[in-house]
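Spelled out from the first residue to the last, the chains are:
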Amino acid sequence: MNYSSLLAAAGVEAQALGASGGLLAATPINGATLGHVQTDSAPRIEEKIAAASAAFTAWRGVPGPQRGELVRQFGTLVRAHKSALAQLITLEAGKIASEGLGEVQEVIDICEYAVGLSRQLHGLTLPSERAGHHLLERWQPLGPVGIISAFNFPMAVWAWNASLALVCGDSILWKPSEKTPLCGIALHRLLEQVIAANEFAPRGLSQLIIGGRDAGAQLAAHSALPLISATGSTAMGRTVAQVVAARFGRSLLELGGNNAAVVTASADLALTLRAVVFAAAGTSGQRCTSLRRLFVQRAVYAQLVPQLRRVYATLSIGDPLSADTLMGPLIDAEAFNRMQAALVQARTAGATVHGGERVFPTDLDGGYYVRPALVELQSPIEVMQQETFAPILYVLPYERLDQAIAAQNAVRQGLSSAIFSNDLRETETFLSAAGSDCGIANVNCGTSGAEIGGAFGGEKETGGGREAGSDCWKAYMRRQTQSVNYSGALPLAQGVRFDIG
Ligand code: NAD
């Protein structure tokens, strides 16, 4: 299959892709090579950091609403290219067509959010204890921000960070995943166009860095970058967090999840079924918020679980570019092997595994397609502690809600969670301080598919970061407390006296 017209529509012309060397760009649809992308050497990355640092000193002086205007124009351009960008996501990350479109919509949504925010970066005025004094808190631009992103959201995660950082007065450097460099190139080109078209935007304001983990590590270690926003596995975050902390930088971590849902006896099972299948098998289980563990009240287990097995056995798996496909490929052979290893562990521990095998859609032999796996168990097993980035759903019966909540919370990660129930006491218990310990807790909707308005992120080994809406913008600024004395006298705080005669 020739994908060059699709690449060209997304702005990745043939000349951007070499025949050899650099980073190999491939499609998980059939494993075909899309081309080779030139990587940035360590000295070249150093130059880009210097350019972003220089741009920051100009950009921080541009008024917030004008910075918002740049992001508004970018969002408009992305809207105009929505379809081509979405197809590129499908081509490079393997998401089904509708989810590719959804991801680009998320880019547009966060741009619009950031434009409004550019007029609202509000501080505080506080009562001073000293007469004739004015006490306030003000938010100032932070500096060049390093953004390291994962393959599974190859555009939206950067946009969450970039749009907010830009309106906050920061310059940005983006290292996309080595598995999705073309998504990075295409989206970043649109921002470069907007920067070039506006006099008030300094050249070098946004930098794209193509490379692997070494390039990410170079950003993490660099003292010119006060904030590193890193999205990816917990293993990556553990390294990045320590490197950044060692130089007293700030890190914003969005790491792995191990998300669970609790289905109580009062749940609407038809709604639950749809929500569970989308959350667990959608995106081929390759979302940080994918549903991985399901606790079902024993009274409804025999109603829900056979239906789940039936839907799992018949889900349409195949070419993600085709409109009727619900499950596309895994990203690569490594992901497939990790999935199979987890299923072996589950079987060895006594679980009953339905599905999980490789399937071969016509003409797509080079792609790693799998039937989603449903793993039935009576009690938790060791492999459930880890995030296997693939469509595996562990299903367990429970007796009491407090036991289900305890089991849900008994993992190292803390990203997303859900309860399916029509009983107010159950849902409020789940949402209470004694309930879910995750950054996200949903009622009667699945663990995945968050909106940008709320803060997104999770606790424990998910890293503690929060991105997107709410007050997440504060991570991209520095807070300054200011005291202004307009009194003519010099009273000291706490009544301290220091008379020098
Ligand atoms: P990954 O950890 O392999 O790579 C993510 C990024 O980190 C890549 O750009 C990679 O080059 C870079 N990187 C890896 N090691 C590094 C190091 N030592 N120093 C600096 N950079 C380094 O993750 P992946 O396979 O691309 O993505 C899947 C993972 O991402 C899953 O664990 C998923 O849950 C997580 N994820 C989390 C969120 C969230 O918001 N919490 C969102 C998307 C994905």
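Residues numbered from 1 in each chain as written. Predicted model: local features only at pLDDT ≥ 70, side-chain atom pairs only at ≥ 80, totals over all residues.

## Points about the overall build of the protein
Under the convention used in this document: By the criteria applied, helices consist of DSSP H or I runs no shorter than four residues and strands consist of E runs no shorter than two, each listed in order from the N terminus. Every radius of gyration here is taken over C-alpha atoms, with the globule rule written as 2.2 Å times N^0.38, N being the number of residues. Two residues qualify as being in contact provided that their C-beta atoms, derived from the backbone, are within 7 Å of each other.
Along the backbone of the protein there are 14 helices and 23 strands. Taking 501 residues into account, the globule formula puts the C-alpha radius of gyration at 23 Å, and the protein, at 25 Å, falls close to it. For the protein, contacts bridging at least 24 residues in sequence account for 72% of all contacts bridging at least 6.

## Side note on the pairing of strand β4 (residues 133-141)
This is how it is decided: When DSSP finds two or more bridges between two strands, those strands count as paired.
Sheet topology note: the strand β3 (residues 124-126)/β4 ladder contains three bridges and is antiparallel. Along β4, the bridge assignment pairs Leu126 with Leu135. Hairpin connection of β3 to β4: six residues between the antiparallel strands, including Gly132 at a positive phi of 65°. As judged from the nine bridges shared by β4 and strand β23 (residues 477-485), these two strands associate in the antiparallel manner. Residue pairing for β23: Leu135 is matched across the bridge by Ser483.

## Concerning the packing of helix α5 (residues 97-117) against helix α6 (residues 156-167)
What counts is decided by this rule: Here, axes are lines fitted to C-alpha atoms. For helices the fit covers the stretch in contact, and angles between N-to-C directions go from 0 to 180 degrees. Roughly parallel means an angle under 35 degrees; roughly antiparallel, over 145; roughly perpendicular, 65 to 115; everything else is oblique. What makes a crossing left-handed is the near helix being turned counterclockwise from the far one by less than a right angle; a clockwise turn instead makes it right-handed. Amino acid classes used here: Ala, Val, Leu, Ile, Met, Phe, Trp, Tyr, Cys and Pro are nonpolar; Asp, Glu, Lys and Arg are charged; the rest, including Gly, are polar.
Contact geometry of α5 with α6 gives a least axis separation of 9 Å together with a crossing angle of 15°. Between α5 and α6, the angle is such that the two are roughly parallel. Classified by chirality, the crossing of α6 by α5 is right-handed. Counting all contacts with α5, which are made through Glu103, Glu106, Val107, Ile110, Cys111, Ala114 and Leu117, the residues of α6 involved are Ala156, Ala159, Trp160, Ser163, Leu164 and Val167. Of the residues contributing to the contact of α5 with α6, the split by class is 10 nonpolar, one polar and two charged.

## A few points about helix α14 (residues 424-431)
Let me state the cut-off plainly: Neighbour density around each residue's C-beta defines its exposure: 20 or more other C-beta atoms within 10 Å make it buried, 12 or fewer make it exposed, and counts between make it partly exposed, where C-beta atoms are placed from the backbone. In this description, the arc belongs to the directions extending from the helix axis to the C-beta atoms.
For α14, every residue scored as buried is listed here: Glu426, Thr427 and Phe430. Along the axis of α14, the buried positions cluster into a sector of 95°, meaning they face one direction only. Facing away from the buried surface of α14 by more than 90 degrees, the exposed residues are Leu424 and Arg425. Turning to α14, the residues buried within the fold contact β10 (259-263), α13 (401-409), β18 (416-420) and β19 (440-443).

## Observations regarding the site of the ligand
Operational definition: In this text, near has one meaning. A residue is near a molecule or strand if its C-beta atom, placed using the backbone, is within 6 Å of it. Each domain's extent was defined by an automatic or database domain assignment.
Inspection of the region around the ligand gives 30 residues, with Ala150, Gly216, Gly232, Glu254 and Cys288 positioned closest. When its residues are assigned to classes, the shell around the ligand shows 13 nonpolar, 12 polar and five charged. Residue contributions to the shell around the ligand reach at least three from each of two domains, namely domain 1 (4-255 + 463-481) and domain 2 (259-455).

## Quick notes on helix α10 (residues 269-281)
Test applied: In a helix, the anticipated span is given by 1.5 Å times the number of residues less one.
Here α10 contains 13 residues, and its C-alpha end-to-end distance of 17 Å stays within 8% of the 18 Å for a straight helix at 1.5 Å per residue. All of the buried residues along α10 are Thr272, Ala275, Val276, Val277, Ala279, Ala280 and Ala281. Against the buried residues of α10 lie β10, β11 (291-297), α11 (298-314), β16 (392-398) and β18. Where α10 ends, the next residue or the one after it, Thr283, has phi of about 55°, a positive value.

## A few points about the packing of helix α4 (residues 82-93) against α5
One way to put it is that α4 packs onto α5 with a least axis distance of 8 Å and a crossing angle of 120°. As far as their axial angle goes, α5 and α4 are oblique. You can see that α4 and α5 cross each other, and the crossing is right-handed. Contacts from Lys82, Leu85, Ala86, Gln87, Ile89 and Thr90 of α4 reach α5 at Ala97, Gly100, Leu101, Glu103 and Val104.

## Quick word on the sheet that holds strand β5 (residues 145-148)
Here we have five strands laid out as an open sheet, ordered β7-β6-β5-β8-β9, and parallel in their pairing. On the outer flanks of this sheet lie β7 (206-208) and β9 (250-254), each paired with one strand and no other. The mean inter-strand angle of the sheet, taken between neighbouring strand axes irrespective of direction, is 15°. Note: strand β8 (residues 227-231) against β9, five bridges, orientation parallel. Bridge pairing in β9 places Ile228 opposite Ser251. Most of the contacts of helix α2 (residues 42-59) go to strand β6 (residues 172-175), to which it runs at about 150°, and overall it touches β6 and β7. Its contacts with the sheet put helix α7 (residues 181-196) on β6 and β7, and the angle it makes with β7 is roughly 155°.

## Describing the sheet that holds β3
With antiparallel pairing, three strands are arranged side by side in an open sheet as β3-β4-β23. The sheet is open, and its two edges are formed by β3 and β23, each paired on a single side. Adjacent strand axes in the sheet meet at a mean angle of 20°, parallel and antiparallel pairs treated alike.

## Observations regarding the domain arrangement of the protein
Partitioning the protein into domains gives domain 1 (4-255 + 463-481) and domain 2 (259-455). Computed from C-alpha coordinates alone, the two centres of domain 1 and domain 2 are separated by 30 Å. Taken residue by residue, the interface counts 25 residues in domain 1 and 23 residues in domain 2. Here the side of domain 1 that touches domain 2 is composed, by residue class, of 11 nonpolar, eight polar and six charged.

## Digging into the confidence of the model for the protein
Spelled out, the test is: One number per residue, pLDDT, summarises how confident the predictor is, and it ranges from 0 to 100.
Per-residue confidence for the protein gives a mean pLDDT of 97, with 99% of residues at or over 70. Taking the mean pLDDT of every element in the protein, the minimum, 88, falls on helix α1 (residues 4-9) and the maximum, 99, on β5.

## Quick word on the nonpolar core
Put simply, the test is: For this entry, the nonpolar core is defined as buried Ala, Val, Leu, Ile, Met, Phe, Trp, Tyr and Cys residues connected by C-beta atoms within 7 Å.
Leu85, Cys111, Met155, Ala261, Leu294, Leu393 and Tyr476 are the most contacted members of the largest nonpolar core, which has 152 residues in total. A domain-level breakdown of this core finds at least three residues from each of domain 1 (4-255 + 463-481) and domain 2 (259-455). For Leu294, the residues in contact, after removing those within four places along its chain, are Ala260, Ala261, Val263, Val276, Leu393, Tyr394 and Val395.

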